[in-house]
Amino acid sequence: MRRIDLNPGDVFDASQLHRDSAFDAEAMKVAVDIIDNVRGRGDDALREYAAKFDGVELAALEVSDEEMEEALGLVDEAFMRSIEYAADNITDFHRRQLQQSWFSTRKDGAITGQKVTPLDRVGIYVPGGRAQYPSTVLMNAIPASVAGVGEIIMCTPPQKDGKVNPYTLAAANVAGVDRIFKTGGAQAIGAMAYGTQSIPAVDKVTGPGNAFVAAAKKLVSGDCGIDMIAGPSEVCVMADDSAIPEFVAIDLMAQAEHDPKATCYLVTTEPEMVDDILEAMEELLQQSEREEITRASLEHGLIITCATLTQAFDAVNAIAPEHLEICMSDPWELLGAVRHAGAIFLGSWTPESVGDYIAGPNHTLPTGGTAAFSGPLSVDDFVKKSSVISYTFDALESEADAVMTLAAREGLWAHGRAVDVRMAFMHYAMEHMGGCGCGCGCDDDDCGCGEDCDCHEGGCGDPDCACGHGDDPAHECSCGCR
């Protein structure tokens, strides 16, 4: 791991990170060609890419009910108990994020509010290259299900036998995925964004992937929604003299084993601890089943030693890591100093692993410093919000001058005129037709809206009136029947 030692007064700068982009020019070029091919040729293109990239000839792209049943019969009971437990925690956490439609009425009768509507159909992408990720299925599908999305489809690469990993299928079954398709990479993103003969087009695509998937998501963004453009995964561990070196070492390795491009950061106020951590890491690496990948990742990791705690948090906020572990004394007291991080793990007994699988918060997180302006995948990613506005005449009259003034300054004549003609209509009605002009039939020039006018006191007088109040003298009828 590369090392930077900060002296008192030094300031860590994000340019010192030497971060790679989520994708490069070559990945973008390849993704453009793939998506154009999928848009033009649909399922035929997907089958060709399955043969080329996955080494499998596919007769059918969609996972059948029989394949799902077979998969459920292959997974062990311990896995099912664990995945169901995780699903319960993830569901409970995301239900707390649900927002309801709301409306507010002002004194002048105007009503403003927000209507929350789930998306009709979403597509989730689940990688299947170096490892299988049933946890990714839960983290993407459950928030969509909680949000009330009408249909959830999933794309994931097939194995050499033309089937999908049974653990991935079992997770999809638990998470409520409706349809599953055997296609991966940029071609899967294009298929979900634009649709093929077998795969329906979706409103939004979510889920992580490699550089080609990231490039494809960037390309389709605007034609359909995306959650984020995810780059290589990353973790930052903060450690002081209370941290246990073996804990720090294995937590760095837990991120490094994802991918050779995954990035690990160690920020510490105790320079003398670094050798202990590296020594523990070397012992653990020799035990790892993914030693080659882990070592490749750690080679471009970064250690930052700091003279002060303030300096350490300045460095962390400059990194804006995807995952941040605070393995320090009184971590809750330090939480307020964190401005930028996708997920924050407090205390030495909270490894990143619990966040990846079980705790409940989403593990689809902003990478590459984007935690400075974005957050985890959530229920909000699977709904859309519509503003609702309803004015009475009184409300419009009270704001007419302001609207017309602003419209005039922007040079938008019809904007202002849309208010002016309504004012003129009401004033004409009051002057020439009598009453307020709202259709209630009253003679009260101050009525305005017809809802509180004095002319209806005593009821409408007709026991058969549709308003249902008949001769009730307590009712101020505004039905316009008189």
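A short tour of the structure in this document, coming up. Owing to the predicted nature of the structure, the values given are computational and were not obtained by experimental measurement.

Things to note about helix α5 (residues 134–147)
Think of an α-helix as turning once every 3.6 residues; residues three or four places apart then point the same way.
Part 1 of the argument: The end-to-end C-alpha distance of α5, which contains 14 residues, comes to 20 Å, matching closely the 20 Å that a straight helix rising 1.5 Å per residue would cover.
Part 2 of the argument: Across the 14 residues of α5, 13 count as buried, placing the element largely inside the fold.
Part 3 of the argument: Trailing α5 by a residue or two, Gly-148 shows a phi angle of about 95°, which is positive.

Some words on the nonpolar core
Part 1 of the argument: Ranked by internal contacts, the top residues of the largest apolar core, which has 39 residues, are Val-137, Leu-138, Met-154, Val-177 and Ile-180.
Part 2 of the argument: For this core, the secondary-structure elements that each account for two or more residues are α3 (65–74), α4 (77–95), β4 (121–125), α5, β5 (151–156) and α6 (166–175).
Part 3 of the argument: Broken down by element, this core gets its largest block of residues, eight residues, from α5.
Part 4 of the argument: Core analysis: the second largest hydrophobic core is formed by 35 residues, Ala-31, Ile-34, Met-192 and Cys-224 among them.

Here's the deal with the sheet that holds strand β14 (residues 383–390)
Part 1 of the argument: The strand order across the open sheet formed by three strands is β2-β3-β14, and the pairing between neighbours is antiparallel. Where the open sheet ends on each side, the last strands, each with one partner, are β2 (102–105) and β14. Strand-to-strand twist across the sheet, computed as the mean angle between neighbouring axes with direction ignored, equals 15°.
Part 2 of the argument: As judged from the eight bridges shared by strand β3 (residues 111–118) and β14, these two strands associate in the antiparallel manner. Bridge pairing in β14 places Thr-112 opposite Ile-389.

Digging into unusual backbone geometry
Where the residue is not glycine, phi is negative for most of them; where a peptide bond is considered, it is trans in most cases.
Part 1 of the argument: The backbone of His-18 sits at a positive phi, close to 55°, despite the residue not being glycine.
Part 2 of the argument: If you trace the backbone, His-18 turns up in the loop between β1 (2–5) and α1 (25–41).
Part 3 of the argument: Residue His-18 is classed as exposed on the basis of its relative accessible area of 57%.
Part 4 of the argument: If you check the backbone angles, Asp-330 has positive phi at about 50° while not being a glycine.
Part 5 of the argument: Considering the arrangement of structural elements, one finds Asp-330 in the loop between β12 (323–327) and α13 (331–334).
Part 6 of the argument: Taking relative accessible area as the criterion, Asp-330 reaches 55% and is therefore assigned exposed.

What counts and how
Residues numbered from 1 in each chain as written. Predicted model: local features only at pLDDT ≥ 70, side-chain atom pairs only at ≥ 80, totals over all residues. Heavy atoms only, no water. Helix = DSSP H or I, 4+ residues; strand = E, 2+ residues; numbered from the N terminus. Expected span 1.5 Å × (residues − 1). Buried < 20%, exposed > 50% of the residue type's maximum accessible area, 1.4 Å probe, protein only. Core = buried A, V, L, I, M, F, W, Y, C linked by side-chain atoms within 4.5 Å. Pairing = 2+ DSSP bridges. Axes fitted to C-alpha atoms, helices over the stretch in contact; angles between N-to-C directions.

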